[in-house]
Amino acid sequence: MAVPVAFFALFFAYPVTAIVGRGLKAEGDWQFGRIGEVLSRPDILDVLWFTTWQALASTALTLLIALPGAYVFARFDFPGKQVLRAVVTVPFVLPTVVVGTAFLALLGRGGLLDELWGVRLDTTVWAILLAHVFFNYAVVVRTVGGLWSQLDPRQEEAARVLGAGRFAAFRRVTLPALAPAVAAAALMVFLFTFTSFGVVQILGGPAYSTLEVEIYRQTAQLLDLPTASVLTLVQFAAVGGILAVHAATVRRRERALKLVDPAQTSRRPRGAGQWALLGGVLLTALLLILLPLGVLVERSFDGPGGYGFGYYEALQSVGAGGSSTFLVPPLEAVGNSLRYALVATLIALVIGGLAAAALTRRAGRLVRGFDALLMLPLGVSAVTVGFGFLITLDKPPLDLRTSWILVPLAQALVGVPFVVRTMLPVLRAVDDRLREAAAVLGASPLRAWREVDLPLVRRAVLVAAGFAFAVSLGEFGATVFIARPDNPTLPVAVARLLGRSGELNYGQAMALSTILMLVCAVSLLLLERIRTDRSGEF
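All residue numbers refer to position in the chain's written sequence, counted from 1. The predicted nature of this model means local features are confined to residues of pLDDT at least 70 and side-chain atom pairs, given and counted, to a pLDDT of 80 or more, with totals for whole chains, interfaces and linings taken over all residues. Processing note: side-chain calculations cover all non-hydrogen atoms of the structure and skip hydrogens and water entirely.

Engineer: Can you tell me about the overall build of the chain, naming the residues and giving the values?
Structural biologist: What counts as a helix is a DSSP run of H or I of at least four residues, what counts as a strand is a run of E of at least two, and both are numbered from the N terminus. Counting its regular elements, the chain contains 24 helices and six strands. Taking all 538 residues of the chain together, 54% fall into the buried category. Put simply, 80% of the contacts in the chain that link residues at least 6 apart link residues at least 24 apart. Accessible surface, the chain: about 22600 Å² in total, of which carbon and sulfur atoms supply 64%. Three labels apply to residues, based on accessible area from a 1.4 Å probe with only protein chains included: buried if under 20% of the type maximum, exposed if over 50%, partly exposed otherwise in between. Residue contacts follow a heavy-atom distance rule, with two residues in contact if any of their heavy atoms lie within 4.5 Å. Residue-level accessible areas treat just the shown protein chains as cover; the underlying method is Shrake-Rupley with a 1.4 Å probe.

Engineer: Break down the pattern of salt bridges for me, with residues and values.
Structural biologist: When charged atoms on two side chains of opposite charge get close, those side chains can pair. Salt bridges are defined by distance alone: a side-chain nitrogen of Lys or Arg within 4 Å of a carboxyl oxygen of Asp or Glu. Evaluated as defined, the whole model comprises four salt bridges. For Arg41, the salt bridge identified is with Asp43, shortest N-O distance 3.1 Å. One salt bridge connects Arg450 with Glu451, and the closest N-O pair in it is separated by 3.9 Å.

Engineer: Tell me about a nonpolar patch on the surface, and please be specific about residues and values.
Structural biologist: In this analysis, a patch consists of residues with relative accessible area above 30% that form no salt bridge, clustered at 9 Å for like charges and at 5 Å for the nonpolar side chains Val, Leu, Ile, Met, Phe, Trp and Tyr. Where nonpolar side chains cluster on the molecular surface, the patch consists of Leu112, Leu116, Trp117, Val119, Leu283, Leu286, Leu287, Leu290 and Leu291 and spans about 840 Å² of accessible area. Breaking the nonpolar patch down by element, the ones donating at least two residues are helix H6 (112-117) and helix H13 (271-301). Examining the composition of the nonpolar patch, we find that five residues originate from one element, H13, more than from any other. Relative to the helices and strands, Leu116 is located in helix H6.

Engineer: Any details on a positive patch on the surface? Residues and values, ideally.
Structural biologist: A cluster of basic residues, Arg160, Arg166, Arg267 and Arg270, forms a positive patch at the surface. With respect to the secondary-structure elements, Arg166 resides in helix H9 (residues 166-194). Residues scored as positive are Lys and Arg, those scored as negative are Asp and Glu, and His as well as the terminal groups of each chain are ignored. A single reference atom marks each charge: NZ on Lys, CZ on Arg, CG on Asp, CD on Glu.

Engineer: With reference to specific residues and values, describe the packing of helix H15 (residues 332-360) against helix H19 (residues 406-429).
Structural biologist: Orientation of H15 relative to H19, taken along the N-to-C sense of each, is 40°, at an axis distance of 6 Å. Overall, the two elements H15 and H19 adopt an arrangement that is oblique. The element H15 and its partner H19 pack so that their crossing is right-handed. Ten residue types, Ala, Val, Leu, Ile, Met, Phe, Trp, Tyr, Cys and Pro, are classed as nonpolar, four, Asp, Glu, Lys and Arg, as charged, and the remainder, Gly among them, as polar. Among the residues forming the contact of H15 with H19, the class breakdown is 22 nonpolar, five polar and one charged. For helices, the axis comes from a line fit to the C-alpha atoms of the stretch in contact; other axes are also lines fit to C-alpha atoms, and the angle between any two N-to-C directions lies between 0 and 180 degrees. If an angle is under 35 degrees, it is roughly parallel; if it is over 145, roughly antiparallel; if it lies from 65 to 115, roughly perpendicular; otherwise it is oblique. Crossing chirality is assigned from the near helix's rotation relative to the far helix, an anticlockwise turn below a right angle marking it left-handed and a clockwise turn marking it right-handed.

Engineer: So, the packing of helix H7 (residues 125-148) against H13: which residues are in play, and what are the values?
Structural biologist: One way to put it is that H7 packs onto H13 with a least axis distance of 11 Å and a crossing angle of 105°. Of the possible angle classes, the one that applies to H7 and H13 is roughly perpendicular. Within the contact between the two elements, H7 uses Leu130, Val133, Phe134 and Tyr137 and H13 uses Val281, Leu288, Ile289, Pro292 and Leu293. For the contact of H7 with H13, a count of residues per class yields nine nonpolar, no polar and no charged.

Engineer: Describe the environment of Ala443, with residues and values.
Structural biologist: For Ala443, the location among the structural elements is in the loop between helix H20 (432-440) and helix H21 (445-474). Aside from chain neighbours lying at most four places away, what touches Ala443 is Ala438 and Ala448.

Engineer: Quick rundown of the layout of surface pockets? Include the residues and the values.
Structural biologist: A pocket, in this scheme, is an open set of points on a 1 Å grid over the protein atoms alone with protein on both sides within 12 Å along at least 5 of 7 lines, while a cavity is a set where a 1.4 Å probe fits but cannot get out; residues line either one if an atom lies within 4 Å of a point. Grid points are joined across faces, edges and corners, and a volume is the space filled by probe spheres set on the points. As a volume, the largest pocket reaches approximately 880 Å³. Forming the walls of the largest pocket are 41 residues, and the residues nearest its centre are Thr96, Phe197, Ala382, Phe476 and Gly477. For the lining of the largest pocket, the element with the highest residue contribution is helix H10 (residues 198-204), accounting for four residues. A per-class count over the lining of the largest pocket returns 27 nonpolar, twelve polar and two charged.

Engineer: Please give an account of the packing of aromatic side chains that cites residues and values.
Structural biologist: Only Phe, Tyr and Trp rings take part, Trp by its six-membered ring, and two of them pair if their centres are within 6.5 Å. Stacked means planes under 30 degrees apart, edge-to-face means over 60, and tilted covers everything else. Scanning the entire structure with this criterion turns up 15 aromatic pairs. Here the aromatic rings of Phe190 and Phe194 are separated by 5.6 Å at their centres, their planes lie at 25°, and the arrangement is stacked. Of the two residues, Phe190 and Phe194 both sit in helix H9, four residues apart, roughly one turn of that helix. Like Phe190, the residue Phe194 is buried in the burial classification.

Engineer: Break down the side chain of Ser209 for me, with residues and values.
Structural biologist: Its place among the elements puts Ser209 in the loop between H10 and helix H11 (211-221). Given the relative accessible area of 17%, Ser209 is considered buried. In protein, a polar contact requires one atom able to donate a hydrogen and another able to accept it; more generally it is a pair of N or O atoms within 3.5 Å, and residues adjacent in sequence count only if both atoms are side-chain atoms. Separated by 3.3 Å, the side chains of Ser209 and Glu214 make a polar contact. Once residues lying within four places of it in the same chain are set aside, the contact partners of Ser209 are Val47, Phe50, Thr51, Val200 and Glu214.

This is how it looks when you write it as C-alpha cells:
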C-alpha cells in the first residue's frame, strides 16, 4: 500500500486540500460559516437535487441497456466481435464536449430527429441521459463482461439439470457471482454522471446544471472561489459516503469463484432467442454508438466547397482560420496524446496493480478505507484538481509546472480507479487454497503471485490497461489547465477549436475528434488481438 498511498497523498490529496483551503480562508481565518450560507441558497439546492437524480437515472438506464451487451460479448462468438468491442469503447475516450456536440447534431435544431420527424430533444433531460448511456456503455460491457466471460457456465447448467428455470438459475448462480463486477461498473457510471460537465453544459442549456458545471461557473466565470470550494466539499462528502456504502455492500457478496479460459465459454448463438438477443445488441450499438460517431465523421468531411479533406489539411497549419490558439500545428496533438497516454497507463497499472493486490488481502479497516479513497478522483471536480496542480506543484522539490510528466500524472489519477475496479473482482475470486498450495510447495509470496495470480488475472490486466489508456486519451477536465500551449493533447485541441467561432474551426474540431476516435479504435483493437492471442496461456 505504501506506493499507492504516497502517490494519492502527493498528487491528489495535497492539491485538492490546498485549493479548498484557499477558498475557505479569508485573511488567514477559516470561514466555515460560508458552508451553511451556500447550502441554504435555493439555486444551489436545485443543483444538488438535479445532480443526484440524473446520476441515478443515468446509471440505471446504462445498466439496463448495457448488461445484455456484456452477456453477448462474454458468451457469444460472432464475426467482427473484436472490432465491435473496440468500437463501443470509443465513446468513452471522447471528450465530453465532443459527445455533447455529436448529440446536439442528432437531437438539436437541424439535427436528424428534427429533419425526419420535427422532434427536438436538446435542452431536455432525455438528451442528457442518452448521452450518458452513450458515454458509459463500454464501462458496463468491459467491466462486467470481463468477469462474465471467465465464469464457468457448467455451474448454471448444473442448476438447470437440478430443476431450476433459466431465470432462477441466473438469479441464484450467475448474478451473485457477477454482483461485485456489476456494483463496480454501476459505481463508475454513477461517479462519472454525478460529475458530468460537458454533456450537461451543451445539451442541458441554462435550465440544468450539475455540481461540476456549477463549480466551473463559480470558478472561471464568477471568480467566486469560496462558493466553488464549498461545492467541492459537498461533492467530496457525497462521493465518500457513496464509496463507503459500496465497499460495505460488495464485501458481503465477495466469494471465491471458479474461473476458466474465456475461449471455453464463448460459442456461436443457438436458437431464435439468442440470435434475437445478438440482433438487439447490434441494433443498440448501431443506433446508440455508431450513429453519433457517424455524425462526427460526416461533419469532418463536409466542407464549404463540398465533401473533401480540407479540414484535415488545415490541421497541418499553425494559423489556419486565423487562429492564434496553437503554437504548433493542431495535428501534433496526436503524437502528444499517445505519448502522454502510454506513460499514464504505465503509472496507472503500477499504482492500481499494487493497490488491488493490497486490497485483495482484506487486512482490516485501513485497507477497506483505502479502497474507497482510490475512487475519489472520479468523484472530485477535475477543475479543482487542475487548479490544485497549478498552485501546489510550483516550488522545489516538486516544481513540475514546466515538466511534461505533469499531464500523465493527472491522467493516471483517473486511470487508477479503473485498474483497481477491473482487477479487484478477479483477484478476489482466486481461491486462496491455490496460493496456500504454492506456499506449501516452497514458493515465495512473489513467486506464488507470479505463478498463481498473474496467469488468472492477465486478462483483467489487459482490460485495465485498455481502460487506463482510453481515459488518459480522453481526459480533459484537469489537463486543460496544465497542458502547455506548445504540447496540447487531442481533447484540449478539440475544446480550443470548438471554443472559437467560425466554420473552419468547427470543422477542424470534428476532424481532430475523428482522428481521436480512430486512434482509440485501433489501439483497443490491437489490445483485443493481443489478449485473444494470449488467452490460451491461462
